Amino acid sequence: MRITLSIFAICLFIGCKTVKTSGLVTEKAMVVSARVEASEIGKEILAKGGNAFDAMAATGLALAVAYPYAGNIGGGGFMVYRLNNGEVGSLDYREKAPKLAHRDMYLDSLGNVIPDMSWYGATSTGVPGSIAGIFESHRRFGKLPIEAIIQPAISLAERGVVVTRKQEKTIETYQDKIVELSGVTTLFSGAYKEGDTIKYHALARTLRRILKHGPQEFYTGETARKLIDFIQSEGGFVTMEDLKDYTPKWRKTIIFNYKDLKVISMAPPSSGGVTLAQIMKMIERYPLDRYGHNSKRTIQVITEAERRAYADRNYYLGDPDFVSVPLRELLSSEYLEDRMRDFSFKAATPSHQVSHGNVTIVESDETTHYSIVDQYGNAVSVTTTINGAYGSKLYCDELGFFLNNEMDDFSAKPGVPNKFGLTGATANSIAPEKRMLSSMTPTIVEQNGELFMVVGTPGGSTIITSVLQTILNVYEFGMSMQEAVNAARFHHQWLPDIVKMEPKQFNRSLKRKLYKSGYEIDETSSKIIGKVDAILRLESGRLEAGADHRGDDAAAGF
């Protein structure tokens, strides 16, 4: 008893910390993704001596097999990395508009948006970048031969993947539309139940050709020809020339400080890093830890910052190769302080009173994320997508994958919301070979010059706010990584002027107080807000996973 009291007294004096963990903890390396099969394949690549970039490629291809809901070779994505020497960077392998695209391609003769043309089928498909991105990342940083990285996905496709309860439900939800577009004989027309095994032989054959001939197989080879024949037979716009000319781009990251954290995230054409930076800088001066997790004041501060940041996102941001994005002005302390000047705890600021900020310039839900830290100290944060659940719902049975519907991420008509409710402006209007704006927010966080967290999520327009709350849950509210991922989330995006909340996660008293202050609460349209997969580096140097229970997400490591 005397020893225990002495230790307690010492801890009070020097401020001992209790390190909480609740997720998988490993000593050296970790992969967290949407499916256990993909995480295990990534872990095995690391165990064989591969690095985070080898595991990035292997995990991404495994997700294309195990998680067709969002994993893909027919879409695109973003990767943010941090090397063990502190060097950071990012790779943009986002899809592009085909060369036949034009600003008004989804409008009728009266100038109205044609319903579903940018959402379903081949007319919604952009030029895919996933294969190009995987090979480019491996070319620059990979250690293992590419054959060793692709083969596990081929074996998984041939062996088959067991249907989970959640996958059974998603197939059932979207099956009618998939069959309507893809035909009654499509692979996804089967009555799949939990415990069934789906074998992806066509995808295995496609991956074998890519293994043999490299990325050019997908962009100029037999696979490319079959893909273009299929797209054009279905009325799409992508051509062989589009595939041949596609290239990923290495880009500078968005880097900003939040108190003693250094946050590294994706730059445009992802809106994630800029919008995350704006929100975090606007809330930085408020004592959230004193307000408490998901308290009325915390929710008000975050919601009002989100309202203003999303208004800027929707007006100013687009592909930097086509529009001038005023990053310095949007991220300046003076500008962001001014944006919050009219905020009051007494009442909400109606979104119709909040437009984009006065910046002087010369000119104007369904993804998948995975986080990796390797035994060498490198970290990658990767978010990849085909946009909607099962993309365009059009499945190419000959090649074994869904086409993306990324063209909906453009502003088909400025001022008219897309499927995620995001209202865009001319900065994100359609143009040939332009990359569409994205909410994907792959992020890496440092503290005191050391790796602290790798984080990201799917979720359409809710991605940015889910990443934000996960970081705050750990840093401001002292949660473990798994607790931070599990915690209830909310979301606001300027328009529509509602605060989305996960249902049955927030108490009635809190919701009544928010309502009386002018906040409209919606618990119906976003039953799931994000599926965060994250890794926290503990003070001991060990790694703790946060794998989201909202999906089939799982961690693996050693």
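No experiment lies behind these values; they were computed from the predicted model shown.

Structural notes on the overall build of the protein
Part 1 of the argument: Scanning the protein from terminus to terminus reveals 18 helices and 21 strands.
Part 2 of the argument: Along the first, second and third principal axes, the C-alpha set of the protein runs to 75 × 60 × 45 Å.
Part 3 of the argument: Across the 558 residues in the protein, those meeting the buried criterion constitute 62%.
Part 4 of the argument: A total of about 21400 Å² of accessible surface is found on the protein, and carbon and sulfur atoms cover 51% of it.
Part 5 of the argument: The average position of the 64 basic charges and that of the 65 acidic charges among the side chains of the protein differ by 5 Å.

Description of helix α18 (residues 508–516)
Part 1 of the argument: If you check which residues of α18 are buried, you get Leu-510, Lys-511 and Leu-514. Looking down the long axis of α18, one finds its buried residues gathered within 95° of arc, a one-sided arrangement. Seen from the buried face of α18, the exposed residues on the opposite side, beyond 90 degrees, are Arg-508, Arg-512, Tyr-515 and Lys-516.
Part 2 of the argument: Buried residues along α18 sit in contact with α13 (296–316), β17 (499–501) and β18 (521–522).
Part 3 of the argument: Of the residues that open α18, the one with a side-chain oxygen 3.2 Å from the backbone nitrogen of Ser-509 is Asn-507.
Part 4 of the argument: Phi turns positive one or two residues past the end of α18, at Gly-518, with a value near 100°.

As for the pairing of strand β4 (residues 88–93)
Consecutive side chains of a regular strand alternate in pointing toward one face of the sheet and then the other.
Part 1 of the argument: The element β4 is largely enclosed, with a buried count of 5 among its 6 residues.
Part 2 of the argument: One ladder, built from 6 bridges, connects strand β3 (residues 76–82) with β4; its direction is antiparallel. Of the residues in β4, the one forming a bridge with Phe-78 is Asp-92.
Part 3 of the argument: Between the antiparallel neighbours β3 and β4 lie 5 residues, among them Gly-86 with a positive phi of about 95°.
Part 4 of the argument: Of the pairings in the sheet, the one linking β4 to strand β7 (residues 249–251) comprises 3 bridges and is antiparallel in character. Bridge pairing links Asp-92 to Lys-249 in β7.

Brief notes about the pairing of strand β10 (residues 367–373)
Part 1 of the argument: Judged by how many residues are buried, β10 sits mostly within the fold: 7 of 7 residues are covered.
Part 2 of the argument: The alternating pattern of β10 places Thr-367, His-369, Ser-371 and Val-373 on one face and Thr-368, Tyr-370 and Ile-372 on the opposite face, and all of these are buried.
Part 3 of the argument: Two strands pair when backbone bridges link them, and strand β2 (residues 30–33) and β10 are joined in this way by 3 bridges, in the antiparallel orientation. By the bridge assignment for β10, Val-32 is matched with Ser-371.
Part 4 of the argument: Connecting the antiparallel pair β10 and strand β11 (residues 379–385) is a turn made up of 5 residues, with Gly-377 showing a positive phi of about 95°.

Structural notes on the packing of α13 against helix α16 (residues 463–475)
Part 1 of the argument: At a closest axis distance of 12 Å, the pairing of α13 and α16 adopts a crossing angle of 145°. Once α13 is placed against α16, the crossing between them reads as right-handed. On α16, the residues that touch Ile-302, Glu-306 and Tyr-310 of α13 are Ile-464, Thr-465, Leu-468 and Leu-472.
Part 2 of the argument: Of the residues belonging to the contact of α13 with α16, the class tally is 5 nonpolar, 1 polar and 1 charged.

Focus on the nonpolar core
Part 1 of the argument: Core analysis: the biggest nonpolar cluster contains 83 residues, and Ile-283, Leu-288, Met-453 and Leu-472 have the highest contact counts within it.
Part 2 of the argument: By residue number, the principal contributor to this core is α13, which donates 8 residues.
Part 3 of the argument: Other than its neighbours up to four places away in sequence, Ile-283 contacts Tyr-258, Leu-288, Val-301, Ile-302, Ala-305, Leu-468 and Leu-472.
Part 4 of the argument: Core analysis: the next-biggest nonpolar cluster, separate from the first, contains 79 residues, Ala-34, Ile-154, Tyr-200 and Leu-403 among them.

Quick notes on the side chain of Lys-531
Part 1 of the argument: Tracing the sequence through the fold places Lys-531 in the loop between β18 and β19 (533–537).
Part 2 of the argument: Sequence-distant contacts of Lys-531, that is, excluding residues within four places in its chain, are made with Tyr-67, Tyr-69, Gly-456, Thr-457, Pro-458, Arg-489, Asp-548, Arg-550, Gly-551 and Asp-553.

Calculation rules
- Within every chain, residues take consecutive numbers counted from 1 along the sequence as written.
- Per-residue local features of the predicted model are confined to residues with pLDDT of at least 70, and side-chain atom pairs are confined, for both listing and counting, to 80 or more; whole-chain, interface and lining totals are unaffected and use all residues.
- Just so you know, side-chain values use all the structure's heavy atoms and leave hydrogens and water out.
- Working definition: helices are DSSP H or I runs of at least four residues, strands are E runs of at least two. Numbering for both runs from the N terminus.
- Exposure categories follow from relative accessible area, calculated using a 1.4 Å probe and restricted to protein chains: below 20% of the type maximum is buried, above 50% is exposed, and the middle band is partly exposed.
- Reported accessibility uses the Shrake-Rupley method at a 1.4 Å probe radius. Residues are deemed covered only where the shown protein chains occlude them.
- A residue counts as positive if it is Lys or Arg and as negative if it is Asp or Glu; His and the chain ends are not included.
- Where a charge lies is defined by one atom per residue type, namely NZ (Lys), CZ (Arg), CG (Asp) and CD (Glu).
- Working definition: the arc comes from the directions between the helix axis and the C-beta atoms, pointing outward to the latter.
- What makes two residues a contact is simply this: any of their non-hydrogen atoms within 4.5 Å.
- Here a polar contact is taken to be a pair of N or O atoms separated by no more than 3.5 Å, where protein atoms must pair a possible hydrogen donor with a possible acceptor and residues adjacent in sequence count only if both atoms sit in side chains.
- Two strands qualify as a pair provided that DSSP identifies no fewer than 2 bridges between them.
- Under this scheme, a helix contributes an axis fitted over its contacting stretch, all axes are lines through C-alpha atoms, and angles between N-to-C directions fall in the 0 to 180 degree range.
- Definitions for this section: a left-handed crossing has its near helix turned counterclockwise from the far helix by less than a right angle. A right-handed crossing has that turn clockwise.
- For this classification, Asp, Glu, Lys and Arg are treated as charged, while Ala, Val, Leu, Ile, Met, Phe, Trp, Tyr, Cys and Pro are nonpolar and the rest, including Gly, are polar.
- To form a nonpolar core, buried Ala, Val, Leu, Ile, Met, Phe, Trp, Tyr and Cys residues must be joined to one another through side-chain atoms within 4.5 Å.

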